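Spelled out, the chains give:
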Amino acid sequence: MSNDKKTARFRTFLILGAPGSGKGTQGKVLGSIPRFHHLACGDVFRSLDTRTTLGQKFVEYSSRGELVPDDVTVQLWRANIKQRVDSHNFKPEIDFLVLDGIPRNVEQAKYMEEDIEVLRVFHLSCPDRTELARRLRKRALKDNRFDDASEAVIQNRFATYEAETKPILEHYAGDRIVNIDASQPPAKVLYDILGGVMTLDAWKELEKLKV
Ligand code: AMP
């Protein structure tokens, strides 16, 4: 990869965690702070017209608690992020990208290496699956999430996370991983994430810019 290509990669924070660990909540709050741009892959999928081939594919896989195939997912993600850059909604020169729900497995992480420079992986850890399932059931009612409504699908989502998503932690192993206790109140989780961001040189450089 050329140096030009390297500098063009988006400076990115990943929020990683099992379904119900609070990725979306944290991503949304971070995204409301200037210089952080949040993108949730699940939201991009949910915004698709279900009459389209891709929209139908999403319903087919997500209703089983499975991942949509990698090639279409990364293509959709690339198209979506390009729109955000073109519309100046996301300004990569001055904004950090906060990704939640993507990459969802090591294959996607490899595909995306040419697009993103991962600065930190915030791992929202909550070994208590009963608590996570409780949160998902609550969300199913509140947000009309069909994939969180059935017990079998919830369990399959956890199994998919363990088998496919968790190995991402090994892929990025080292200083970039920040483990955070996701059973803490959301404000404390946010505090821990921001603490991790503010030790970074990239953050300190941005502070100097005063944009
Ligand atoms: P989420 O809102 O992140 O829990 O995603 C809901 C569903 O969308 C998942 O269960 C998958 O079926 C699909 N999905 C979201 N992100 C991805 C991804 N990066 N790769 C494959 N499927 C995804």
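Structure shown above.
Note that the structure is a prediction, hence the values are computed from the model and not measured. (Residues numbered from 1 in each chain as written. Predicted model: local features only at pLDDT ≥ 70, side-chain atom pairs only at ≥ 80, totals over all residues. Heavy atoms only, no water.)

(A) Representation of the site of the ligand. Taken together, 17 residues lie around the ligand, and Arg46, Glu66, Gly101, Arg104 and Gln108 are the ones closest in. Arg46 places a polar side-chain atom, nitrogen or oxygen, 3.0 Å from an oxygen atom of the ligand. Arg145 places a polar side-chain atom, nitrogen or oxygen, 3.4 Å from an oxygen atom of the ligand. For the ligand, the protein covers 96% of the area, taking 480 Å² as the surface of the free molecule. For the shell around the ligand, the secondary structure elements donating two or more residues are α3 (41-46) and α4 (53-62). Sorting elements by how many residues they give to the shell around the ligand places α3 first, with four residues. (Near = heavy atom within 4 Å. Polar contact = N/O pair within 3.5 Å; in protein donor to acceptor, adjacent residues only side chain to side chain. Areas by Shrake-Rupley, 256 points an atom, 1.4 Å probe, with all protein chains shown as cover. Helix = DSSP H or I, 4+ residues; strand = E, 2+ residues; numbered from the N terminus.)

(B) Spatial organisation of unusual backbone geometry. Look at the link from Ile102 to Pro103: it is a cis peptide, with omega at -5°. Locating Pro103 in the fold gives a position in the loop between β3 (96-100) and α6 (106-111). Even without being glycine, Arg35 reaches a positive phi, approximately 80°. Counting through the fold element by element, Arg35 comes out in the loop between α2 (23-31) and β2 (36-40). Classification of Arg35 as buried rests on a relative accessible area of 19%. (Buried < 20%, exposed > 50% of the residue type's maximum accessible area, 1.4 Å probe, protein only.)

(C) Just the pattern of salt bridges, in detail. Applying the stated criterion across every chain, the model contains 14 salt bridges. For the salt bridge of Arg46 with Asp43, the shortest nitrogen-to-oxygen distance reads 3.0 Å. Of the two residues, Arg46 and Asp43 are both situated in helix α3; the distance of three residues between them amounts to about one turn of the helix. Judged by its relative accessible area of 38%, Asp43 falls in the partly exposed class. With a closest N to O distance of 3.1 Å, Arg64 and Glu66 form a salt bridge. Salt bridges here are not isolated pairs; linked through shared partners, they connect Glu60, Arg64 and Glu66. (Salt bridge = Lys/Arg side-chain N within 4 Å of Asp/Glu carboxyl O.)

(D) Just the packing of aromatic side chains, in detail. Inspection of the entire model under this criterion finds eight aromatic pairs. Taken together, a centroid distance of 5.2 Å and an interplanar angle of 70° make the contact between Phe10 and Phe90 edge-to-face. Here Phe10, found in strand β1 (residues 10-17), pairs with Phe90, found in the loop between α5 (70-86) and β3; they are 80 residues apart in sequence, far enough to count as distant. In this structure Phe90 comes out as buried when scored by relative accessible area, which is 1%. Seen from their ring centres, Phe36 and Phe96 are 5.9 Å apart, and the 35° between their planes marks the pair as tilted. Pair noted here: Phe36 is in strand β2 and Phe96 is in strand β3, with a separation of 60 residues, a long-range link. As far as burial versus exposure is concerned, Phe36 and Phe96 are alike and both buried. Joined through ring pairs, the aromatic side chains of Phe13, Phe36, Phe96, Phe122 and Trp203 make up one cluster. Over the ring of Phe96 we find Arg11; its NZ or CZ atom is 4.8 Å from the centre of that ring. Stacked on the ring of Phe158, the Lys or Arg Arg129 has its end atom at 5.4 Å from the ring centre. (Phe/Tyr/Trp six-rings, centres within 6.5 Å; stacked < 30°, edge-to-face > 60°. Lys NZ or Arg CZ within 6 Å of the ring centre and 35° of its normal.)

Read these as spatial facts, not as claims about activity.
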